[in-house]
Amino acid sequence: MNSLKSSAIAYSNIALVKYWGRHPRLAHLNIPLNDSVSMTKEGMGKIKLQSHTTIEFSSRYKSDSGSLNGKKMGEKELARMRLVVDPLREAAGVPDAFRLASQNDFPTAAGLASSAAGFAALARAAADALQLDYSLGLLSSMARLGSGSAARSLHGGLVWWHAGHSHESSYAEQLCGPNDFPLRAVVAVVNPDAKKVSSLDGHSAAASSPFQKMQVKESLRHAKRMRVAIAEKDFPAVGQLAEQNALNMHAVMMTANPSLLYWEPGTLKVMHAVRSLREKGAETYFTIDAGPNVHCLCRPRDQLKLDRALQVAGIRFRIPVRPAKDSYIARTHLF
Ligand code: DP6
């Protein structure tokens, strides 16, 4: 039998309409409460914001093992990998243990969606190694089992995640390809350290905020309007909706029990810098995931100006990004 080994590359994504809070009865499947929209993003400099994952199934391996950025995974991390790998292994009828390695070219767990890229690459590589001919939509459902937002990283460009009401009906589809909407961003990395509270714990706390119901209702409305704005190539509408939606989500985070305050002084500095640039005529908007770092959205022609403004504001580490391509099977293996 051929070696059951494959590698894949997937990019991280930034949510324009957020997923925050899971369906109470379907939380174990990471089924969200509302549809969400994102841009899969590719770094335009040295940092590509990608995750490269290699997996091999073999009877040579006595038990499952893995490494993330060269560091051996513990049992807890391996268990999370199995959430994605086990259903695929079962579908293929392969009883063998796996060895996997995953390498990010950007800070892990700092609000840059490292797990989204990682689990998308894992689903893609594992299905390919097991010779399962799955569509990207089906793979997006599999990646979701490891990390909800990973569902959106199978596709490039701008992506819609159908919340759904079951494993099969909760999947992502592409709204437009990477070159179809002239959108750019500069990621202002305020703090590259791993965040103290994981998104997983945050999703569970969300229901305790008095604002959660409102946020979910608004997100459903934002997602619908965002879909229209994307189809009409209306950048200001996309930016305004994204900024409003992020502020709603952070209001829920801050007012949850325990309260989650992801913003740092540098986060506010960037938010003000973006708004001040906007007052001066360059259309820029911000959005923030579960961390202190800010994604500043702009049109291609304003990207350099935005980057300079962030530098002046004292943000040293900036990553210019554009919509990425789809996840893909890579020729090079990590082991
Ligand atoms: C704030 O549960 O997908 O980024 O698995 O930790 O990456 P991780 O997070 P996940 O929650 C993501 C929440 C969010 C908003 C979003 O991406 O929609």
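Residues numbered from 1 in each chain as written. Predicted model: local features only at pLDDT ≥ 70, side-chain atom pairs only at ≥ 80, totals over all residues. Heavy atoms only, no water.

It is worth spelling out the pattern of salt bridges at this point. Any two side chains of opposite charge can pair, given that their charged atoms come close. If you walk through the whole model with that rule in mind, you get 14 salt bridges. Where E218 meets R221, a salt bridge forms, and the shortest distance between an N and an O atom there is 2.8 Å. Within this pair, E218 and its partner R221 are both found in helix 5 (residues 212–231), separated by three residues, close to a single helical turn. Judged by relative accessible area, which is 39%, R221 ranks as partly exposed. The salt bridge partner of K305 is D302, with a shortest N-O separation of 4.0 Å. For K305, a relative accessible area of 42% translates into the label partly exposed. With a relative accessible area of 6%, D302 lands in the buried category. One connected set of salt bridges, linked through shared partners, spans D64, E75, R82, D86 and R89. (Salt bridge = Lys/Arg side-chain N within 4 Å of Asp/Glu carboxyl O. Helix = DSSP H or I, 4+ residues; strand = E, 2+ residues; numbered from the N terminus. Buried < 20%, exposed > 50% of the residue type's maximum accessible area, 1.4 Å probe, protein only.)

A word on the site of the ligand. Around the ligand, 15 residues are found, and the nearest of them are Y19, S115, S147, S149 and R152. Interatomic distance of 2.7 Å between a side-chain N/O atom of R152 and an oxygen atom of the ligand. Looking at the shell around the ligand residue by residue, the classes come out as five nonpolar, six polar and four charged. (Near = heavy atom within 4 Å. Polar contact = N/O pair within 3.5 Å; in protein donor to acceptor, adjacent residues only side chain to side chain. Nonpolar A, V, L, I, M, F, W, Y, C, P; charged D, E, K, R; others polar.)

Turning our eyes to something else, we now look at the state of the cysteines. The full count for this structure, using the stated rule, is zero disulfides. Here C296 stays unpaired: no disulfide links it, and the sulfur of C298, its closest cysteine neighbor, is 8.4 Å away. Taking relative accessible area as the criterion, C298 reaches 0% and is therefore assigned buried. (Disulfide = S-S within 2.5 Å.)

Before going further, it helps to examine unusual backbone geometry. N257 connects to P258 through a cis peptide bond whose omega is 5°. Relative to the assigned elements, P258 resides in the loop between helix 6 (235–254) and helix 7 (265–279). For N30, which is not glycine, the phi torsion reads 55° and is therefore positive. Checked against the element boundaries, N30 lands in the loop between strand 2 (13–17) and strand 3 (36–43). By relative accessible area, N30 is classed as buried at 4%. Of note, N69 is a non-glycine position whose phi angle comes to about 50°, a positive value.

To continue, consider the pairing of strand 8 (residues 158–161). The alternating pattern of strand 8 places L158 and W160 on one face and V159 and W161 on the opposite face, and all of these are buried. By the bridge criterion, four bridges tie strand 3 to strand 8 in an arrangement that is antiparallel. Along strand 8, the bridge assignment pairs S36 with W161. The sheet contact formed by strand 8 and strand 9 (residues 172–176) spans four bridges and is antiparallel. Residue V159 lies in a different strand from strand 9, and its bridge partner there is Q174. (Pairing = 2+ DSSP bridges.)

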